[in-house]
Amino acid sequence: MRFFPLLAFFLALFASSAADARMLGDPGVAFSADRSVTVGDRTFAGKLYAVPGRQRHELAVDGIPQVIILHAGEARGWLLVPGINSYVEFGFAPVEAELSDESLLSARLGEETIDGRRTTKYRVEHVTRNGALVDGYVWLTREGIPMRLDGMYTPAHGGKATPVRMELSNLRLGPQETTLFSLPPNMMKLPMSGLGPLLGLRTEG
């Protein structure tokens, strides 16, 4: 399993929301929040900024600040490493397709309050097009913002299941600066294969 694609998949999933009770889609409101995500035994604290169709995730991996920008309309994202003034570009068309699948939310399980926000809890049980299993729960506000996701990701062909948990706090609704969702000027584009060695990232597991 590649660590970064798994993290990027769940960031895209977490930044999405319910357009109605059946489908996951893009939030209809702009907001910012503090965000914590745990993939396996690794936890990343950071910030999330979102407007309809676009998200920005700020986090640190092994002490190195990184930014992930996602553009849903283009099914494209960028991983920025400001410390070395570089970025890599990646597509997530399969992820976008998964997020519009009606079977992703399978049951409504009642209401809970998370960080002062009323949410509806949903069961998530979904086999992706490549045979991986997403199994767990998501808590959505009335605006469709996911305050929490807690579940397991099991890769296709009998791979080891990875626990994933994400949660928002200090949610703030309101307009966001457009520059947050654009590449800064004069950054150097690298292939994904060239970024890992520079950061000491583990890409295979």
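Rules behind the numbers
- Residues numbered from 1 in each chain as written.
- Predicted model: local features only at pLDDT ≥ 70, side-chain atom pairs only at ≥ 80, totals over all residues.
- Heavy atoms only, no water.
- Core = buried A, V, L, I, M, F, W, Y, C linked by side-chain atoms within 4.5 Å.
- Buried < 20%, exposed > 50% of the residue type's maximum accessible area, 1.4 Å probe, protein only.
- Helix = DSSP H or I, 4+ residues; strand = E, 2+ residues; numbered from the N terminus.
- Phe/Tyr/Trp six-rings, centres within 6.5 Å; stacked < 30°, edge-to-face > 60°.
- Lys NZ or Arg CZ within 6 Å of the ring centre and 35° of its normal.
- Polar contact = N/O pair within 3.5 Å; in protein donor to acceptor, adjacent residues only side chain to side chain.
- Contact = heavy atoms within 4.5 Å.
- Pairing = 2+ DSSP bridges.
- pLDDT = per-residue confidence, 0-100.

Caption draft 1: Structural detail: the nonpolar core. Of all hydrophobic cores here, the largest spans 14 residues; its most connected members are Val 37, Phe 44, Leu 59, Ile 68, Leu 79, Phe 90 and Val 164. Looking at this core, the elements with two or more residues in it are β3 (31-39), β5 (54-61), β6 (64-71), β8 (86-91) and β13 (162-173). By size, the runner-up hydrophobic cluster in this structure holds ten residues, among which are Ala 33, Ile 114, Trp 139 and Leu 171.

Caption draft 2: Inspection of the packing of aromatic side chains at higher detail. If you walk through the whole model with that rule in mind, you get one aromatic pair. Between Tyr 137 and Trp 139, the ring centres sit 6.4 Å apart and the planes meet at 50°, which makes this aromatic pair tilted. One cation-aromatic arrangement involves Arg 123 over Tyr 137; the distance from NZ or CZ to the ring centre is 5.1 Å. Looking at Arg 148, its charged tip hangs above the ring of Trp 139, at a distance of 5.1 Å from the centre.

Caption draft 3: Summary view of the side chain of Gln 176. Mapped onto the elements, Gln 176 comes out in the loop between β13 and β14 (188-189). Within the structure, Gln 176 has its side chain in polar contact with the backbone oxygen of Gly 174 (distance 2.9 Å). Apart from residues no more than four positions distant in its own chain, Gln 176 is found in contact with Ala 30, Phe 31, Ser 32, Tyr 49, Ala 50, Val 51 and Phe 181.

Caption draft 4: The arrangement of the pairing of strand β11 (residues 133-141) in detail. Looking at chain direction, strand β10 (residues 117-127) and β11 are connected through nine bridges and run antiparallel. Within β11, the position partnered with Val 124 by the bridge is Gly 136. Where β11 lies against strand β12 (residues 146-154), eight bridges are found, and the strand directions are antiparallel. Looking across to β12, one finds that Leu 140 is bridged to Pro 146. From the end of β11 to the start of β12, which pair antiparallel, there are four residues, and Gly 144 there has a positive phi angle of about 90°.

Caption draft 5: Quick peek at the confidence of the model for the protein. Confidence in the prediction of the protein, expressed as mean pLDDT, is 76, and 72% of residues score 70 or more. In the model, residues 1-6 has pLDDT below 50 throughout and makes 20 contacts with residues more than four positions away in sequence or in other chains. Considering only residues more than four positions removed or in separate chains, one finds that residues 14-25, a stretch of pLDDT under 50, has 44 contacts.

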